[in-house]
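# Structural description and commentary
So the chains spell out like this:
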Amino acid sequence: TLFMREMKMKNLKIGQRLLLSFGSIVILLVLLATLAFTRIGGLNDAIAEVDGDRYPKTVLANTMKDDLNQIARNMRNALLMTDPSHIKAELDGIGKASDSINNALTQLEKSIRSERGRQTITELQADRSKFSPLKDELVKLASAGVKEEALTLLFAAVRPAQLQYLTSIDKLIDYQNELMKKSGAEANAKASQTQLLIGIFSVIAVLIAGLFAFLATRSITRPLSRAVVLARKVADGDLTGDIVVHS
């Protein structure tokens, strides 16, 4: 109780009372700082996961999609153009975009470890394995100048395979976007929890610090007030007062 705490405080010397009061405040501040640093560390981990893992994978998946669309444009242009140098440039563009896709897919294969992510990659590779031979066959036909056969292949087989390939890439992008949103929501939740906990502990710290300050101040000022009253009585010639000494 407050009375018992005050009695215990009276048994301490003034220096000890002050040390106890200020020491308790310091301890509370250390606990509050530890809580803040711990929770902020958790937030940093969540942000690092988004910045260093989730977002780069999304960028790689979108790079694959952009390159596949570029291949589609290169194939179309190669079949529409008549200048051999322009046709060669378009066909070379297909090779460059294909190399870019290979590089992005290699990085994704190394970094994606979740079961759902691995399944998505497996489906994407299956659709890619169907598209790539058809793409290579069209490039051969275009290089040889057999445009009619190349056009037939484009609309009959290459384009449907490309659309299925794009669908698989979109699934991967959607999955990575979902993970990013999840990580962002977790970070927001941690931030809200951190604000709440720091607020609660701050209020508790203020209340406890105020209690110790009140007890310490009261244990010092009350005896001083009694001493002042007794001194006034003695000064007035009243020697009947009692002096109580606590060792």
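Look up a bit, the structure's there.
One structure accompanies this document, and this report is about it.

For the protein, the count of helices and strands is five helices and zero strands. What you see in the protein, going N to C, is helices and strands ordered as α-α-α-α-α. Looking at the protein as a whole, 31% of its 247 residues are labelled buried. Pairs at least 24 apart in sequence give 77% of the contacts found in the protein among residues at least 6 apart. Put simply, the protein shows about 15500 Å² of open surface, and 62% of that area lies on carbon and sulfur atoms.

Mapped onto the fold, G95 is located in helix α3 (residues 84-111). The exposure class assigned to G95 is partly exposed, which follows from its relative accessible area of 32%. Residues G95 and N74, 21 residues apart in the sequence, show an inter-C-alpha distance of 9.9 Å.

All right, on to helix α4 (residues 115-144) then. In this model α4 runs 44 Å from its N-terminal to its C-terminal C-alpha over 30 residues, within 8% of the 44 Å that 1.5 Å per residue would give. Among the residues making up α4, those that are buried are G117, T120, I121, L124, D127, F131, S132, K135, L138, V139, L141 and A142. One or two steps after α4, the chain reaches G145, where phi turns positive at roughly 85°.

It is worth spelling out the packing of aromatic side chains at this point. A complete count under the given rule lists one aromatic pair for this structure. Measuring from centroid to centroid gives 5.6 Å for F131 and Y165, while their planes differ by 45°, and the two rings are tilted. Within this pair, whereas F131 is found in helix α4, its partner Y165 is found in helix α5 (residues 147-235), the two being separated by 34 residues in sequence. Neither residue differs from the other here; F131 and Y165 are each classed as buried.

A few words on the pattern of salt bridges. Per the stated rule, a full pass over the model turns up six salt bridges. R116 is the salt-bridge partner of E178, the closest N and O atoms lying 3.1 Å from each other. Residue E178 is located in helix α5, and its partner R116 is located in helix α4; the two are separated by 62 residues in the primary sequence. According to the relative accessible area criterion, R116 is partly exposed, its value standing at 42%. A salt bridge links K135 to D136; the shortest N-O distance between them is 3.7 Å. By relative accessible area, which is 39% here, D136 ends up partly exposed.

This part is about the side chain of S98. Within the fold, S98 resides in helix α3. Engagement of the side chain of S98 in a polar contact is seen with the side chain of K135, the distance being 2.8 Å. When residues no more than four places from it in sequence are discounted, the contact partners of S98 are I71 and K135.

Quick look at the packing of α3 against α4 now. Axes are the key here: two packed helices are described by the angle between their axes and the distance separating the axes. Where α3 meets α4, the axes come as close as 12 Å, and the angle between the chain directions of the two elements is 165°. The pairing of α3 with α4 is recorded here as roughly antiparallel in orientation. Considering the relative orientation of α3 and α4, their crossing is left-handed. Contacts from I87, L91, I94, S98, I101, N102, L105, L108 and E109 of α3 reach α4 at R118, I121, L124, Q125, R128, K135, V139, A142 and S143.

Conventions and cut-offs
Numbering of residues starts from 1 in each chain and follows the order in which that chain's sequence is written. For this predicted model, a pLDDT threshold of at least 70 governs which residues receive local features, and a threshold of 80 or more governs which side-chain atom pairs are given and counted, while totals over whole chains, interfaces and linings are taken from all residues. The basis for the side-chain values is all heavy atoms of the structure; hydrogens and waters are excluded. Strands here are runs of E lasting at least two residues and helices are runs of H or I lasting at least four, both read from the DSSP assignment and numbered beginning at the N terminus. The rule is simple: take the accessible area with a 1.4 Å probe, protein chains only, and divide by the maximum for that residue type; under 20% is buried, over 50% is exposed, in between is partly exposed. In this description, contact between two residues means that some pair of their heavy atoms is separated by no more than 4.5 Å. Each accessible area is a Shrake-Rupley result for a 1.4 Å probe, and residues are judged covered by the shown protein chains and nothing else. In this scheme, a helix's expected span is set at 1.5 Å multiplied by one less than its residue total. Aromatic contacts are taken between Phe, Tyr and Trp rings whose centres are within 6.5 Å, Trp giving its six-membered ring; a plane angle under 30 degrees counts as stacked, one over 60 as edge-to-face, and the others as tilted. We count a salt bridge whenever a side-chain nitrogen from Lys or Arg sits within 4 Å of a carboxyl oxygen from Asp or Glu. A 3.5 Å cut-off defines polar contacts: any pair of N or O atoms within that distance qualifies, except that in protein one atom must be a possible hydrogen donor and the other a possible acceptor, and neighbouring residues in sequence count only when both atoms are side-chain atoms. Lines fitted to C-alpha atoms define the axes, with helix axes restricted to the stretch in contact, and inter-axis angles between N-to-C directions lie between 0 and 180 degrees. Angles below 35 degrees are treated as roughly parallel, those above 145 as roughly antiparallel, those between 65 and 115 as roughly perpendicular, and all remaining angles as oblique. In a left-handed crossing the near helix is turned counterclockwise from the far helix by less than a right angle, and in a right-handed crossing that turn is clockwise.

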